[in-house]
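Next come the chains, spelled out residue by residue.
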Amino acid sequence: MLDIRFIRENPDLIKKAATAKRIEVDVDQLLSVDNHWRSATTEVERLKADQNAASKSIAKLAGDEKKAAIARMGEIKNRVKELGENVAELEKQRDALLLLVPQPADPEVPEGPDDTGNVEVKRWGEPRKFDFQPLDHQALGESLGIIDVERGAKLAGSRSYFLVGDGARLEWAVLMFAFNLIRERGFTPMIVPLLVRDEAMVGTGYFPGGEEQAYRVEKDAVNLVGTAEVSLTAYHMGETLAEADLPRLTAALSPCFRREAGTYGKDTRGIYRIHQFNKVEQVVVCRNDVEESKRWHLKILENSEAVMQAMNLPYRVVNVCTGDLGRGQAAKFDIETWMPGRNGYGETHSASRFYEFQARRLNLRYRDAQGNVKFCHTLNNTVIASPRVLIPILENYQNADGTVTIPTALRPYMGGQERIEKRK
RNA sequence: GGAGGGAUGGCCGAGCGGCUGAAGGCGACGGUCUUGAAAACCGUUAGGGCCCUCACGGGUUCUCGGGGGUUCGAAUCCCCCUCCCUCCGCCA
């Protein structure tokens, strides 16, 4: 959410920013409703001031004089009520529109229509040259007996899967490796609620707009999170922190749930795009300082690069273009990892910075050294998301005999095991 | 799931229809005192919105868990919701 005052003063900037992001928003409608709301507010408040003053004087009166004064108040009361309802209605309309206004992309974000406009900014590692015909993760997983998509679909529908034996163990290994790494880098490990109220979804910017992507438990009016970002970022929702408490660095290991509505037929092979996965997520809540936000953005990107480097997986970093940014993101870097089965890079991480966008919605603030209350800045990035990351691991580490070598960084989490062989 | 009790400012805690945006205490900050500090004393100490102002600041309104209602007037009365506590039941 943006400051309405900023929007009032810079409507054209907001319109341009929305166009660049390919997000439809009626700024003129918002400002018109806002204008009506402001004049109506001024009017009601004038009336209420009269009312409050009269009430005070009534307290001092007695007898007939008091009765007469009270009788006179009836009319003003009705007008206040009527106008007050109007103000409340306008405010509701305004707030609904305000939630749709996007955070403008930062100047260094490339302009572009969709992910084809993303700009590669870094490349690490060399894609492996195979001297045999490599398999993709699906074929590998099937032949090794560690990924079972067919049975997943049987009882849970498409985009569901089982990990079996060393597949399940590899998943836990990669998650624990990442969870430990991020802890060593100063992030407090957390286990978080996965079913959250609408407040948390709205606060982090997923609602309104993302309702179709979330599983909802209607009976209890809660939603399954698509990422622990929601719970971690909303952790201090409604609080005013002390500046000394910032930055807050947290990380969670959690299941994530996504309906993937509107993606029928896309990425249907294997476990690339699925309804349920596990992820270690890192979240930063810092002071209201653009330069500091940018520094943290690079830091959380580096944290995740360290994970991929430790596993020696080739990847590239892309600066996500305007058209591919979400409503709240000022800038985003994706890490795309080399996946031989796709003969290309596939997204494995997404590092976002929001400035105040989420903090305003969450009413997440801090008191600075001068005693001023300000909105925090928030950022987040994937540390590891699995089983998607099993794709590059299996595909890059496969051997001619059909086995898969386990990356050395993960072996301590698999009892020292060095390779995955066909399950007996 | 059933029966009760509760939610007040940074914290503790009083108030239980008008004199209360809120006593008192603690904490924090500023000052007096002191070579310095402590103690003592004095003072300051919530947030949001709207209007005026270049600004300093001023006016006004809202906020005592959240929403609605009663009333000329609500922290105080009524209803709904959320959360916390106690007891009973069920259960990983």
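Thresholds, definitions, all that
- Residues numbered from 1 in each chain as written.
- Chains lettered and ligands numbered in written order.
- Predicted model: local features only at pLDDT ≥ 70, side-chain atom pairs only at ≥ 80, totals over all residues.
- Heavy atoms only, no water.
- Pairing = 2+ DSSP bridges.
- Helix = DSSP H or I, 4+ residues; strand = E, 2+ residues; numbered from the N terminus.
- Axes fitted to C-alpha atoms, helices over the stretch in contact; angles between N-to-C directions.
- Contact = heavy atoms within 4.5 Å.
- Parallel < 35°, antiparallel > 145°, perpendicular 65-115°, else oblique.
- Left-handed = near helix turned anticlockwise from the far one by under 90°.
- Nonpolar A, V, L, I, M, F, W, Y, C, P; charged D, E, K, R; others polar.
- Core = buried A, V, L, I, M, F, W, Y, C linked by side-chain atoms within 4.5 Å.
- Buried < 20%, exposed > 50% of the residue type's maximum accessible area, 1.4 Å probe, protein only.
- Near = heavy atom within 4 Å.
- Polar contact = N/O pair within 3.5 Å; in protein donor to acceptor, adjacent residues only side chain to side chain.
- Domains from an automatic or database assignment.
- Buried area = accessible area lost by both parts, 1.4 Å probe.
- Salt bridge = Lys/Arg side-chain N within 4 Å of Asp/Glu carboxyl O.

Caption draft 1: Structural detail: the sheet that holds strand S12 (residues 331-339). Across the sheet, eight strands lie side by side as S1-S11-S12-S13-S16-S10-S9-S4; this open sheet has mixed pairing. The sheet is open, and its two borders are formed by strand S1 (119-124) and strand S4 (188-190), each paired with just one other strand. Across the sheet, the axes of successive neighbouring strands diverge by a mean angle of 25°, strand direction being ignored. In this structure, S12 lies alongside strand S13 (residues 344-355), joined through nine bridges in antiparallel fashion. Note that in S13 the partner of Ile335 across the bridge is His349. The sheet strands contacting helix H10 (residues 290-310) are S1, strand S9 (248-257), strand S10 (276-286), strand S11 (315-319), S12, S13 and strand S16 (377-386), and the helix crosses S16 at an angle near 10°.

Caption draft 2: The packing of helix H3 (residues 27-58) against helix H4 (residues 63-98), seen in detail. The interhelical angle for the contact between H3 and H4, taken along N-to-C directions, is 155°, at an axis separation of 8 Å. With respect to each other, H3 and H4 are oriented roughly antiparallel. When you trace H3 past H4, the crossing you get is left-handed. Grouping the constituent residues of the contact of H3 with H4 by class yields 18 nonpolar, eight polar and nine charged.

Caption draft 3: Here's a closer look at the environment of Pro193. Position of Pro193 among the secondary structure elements: in the loop between S4 and strand S5 (195-196). With 23 residues separating them along the chain, Pro193 and Leu170 place their C-alpha atoms 25 Å apart. Residues within four places of Pro193 in sequence aside, it is in contact with Val225 and Ser231.

Caption draft 4: Geometry of the nonpolar core. Residues Val280, Met311, Ile384, Val389, Ile393 and Leu410 are the most contacted members of the largest nonpolar core, which totals 55 residues. Contacts of Ile393, omitting those with residues within four sequence positions, involve Leu170, Val174, Met311, Leu313, Val404, Pro407 and Leu410. Among the nonpolar cores identified, the runner-up in size contains 23 residues, and Val192, Val196, Val283 and Leu364 belong to it.

Caption draft 5: Here's a closer look at the protein's contact with RNA strand B. Contacts to RNA strand B come from 21 residues, most closely from Arg8, Arg38, Glu45, Met73 and Arg197. Thr42 places a polar side-chain atom, nitrogen or oxygen, 3.0 Å from a sugar or linking oxygen of RNA strand B. Arg197 places a polar side-chain atom, nitrogen or oxygen, 2.6 Å from a sugar or linking oxygen of RNA strand B. Here the element with the most residues in the surface near RNA strand B is H3; it accounts for ten residues. Classifying every residue of the surface near RNA strand B by side-chain character gives seven nonpolar, four polar and ten charged.

Caption draft 6: Representation of the pairing of S12 within the structure. Extensive coverage of S12 is indicated by the burial of nine of its nine residues. Taking the residues that link successive antiparallel strands as the turn, the S12-S13 hairpin has four residues, and the phi of Asn343 there is positive, at about 50°.

Caption draft 7: Looking closely at the sheet that holds strand S8 (residues 240-242). If you walk across this open sheet you meet the three strands as S8-S14-S15, and the pairing is mixed. This sheet does not close on itself; its edge strands, each paired only once, are S8 and strand S15 (373-375). The mean inter-strand angle of the sheet, taken between neighbouring strand axes irrespective of direction, is 35°. Here S8 pairs with strand S14 (residues 365-367) via three bridges, running parallel. Counted as the bridge partner of Leu241 is Tyr366 from S14.

Caption draft 8: Representation of helix H2 (residues 11-21) in the model. Every buried residue belonging to H2 is among Pro11, Ile14, Ala17, Ala18, Ala20 and Lys21, and all of these are buried. The inward-facing, buried residues of H2 contact helix H1 (4-9) and H3. Following H2 by one or two positions, Arg22 adopts a phi angle in the positive range, close to 60°.

Caption draft 9: Molecular detail of the domain arrangement of chain A. With domains assigned, chain A is organised as domain 1 (4-98) and domain 2 (115-420). Look at where the C-alpha atoms of domain 1 and domain 2 centre, and you get two points 43 Å apart. Every contact between the two is made by four residues of domain 1 and, on the other side, seven residues of domain 2. Contact between domain 1 and domain 2 buries roughly 450 Å² in total, counting both sides, with carbon and sulfur atoms accounting for 48%. Taken as a group, Ala20, Lys21 and Ile23 account for 82% of the area that domain 1 buries against domain 2, more than any other trio of residues on that side. Seen at the junction of domain 1 and domain 2, the total is zero salt bridges.

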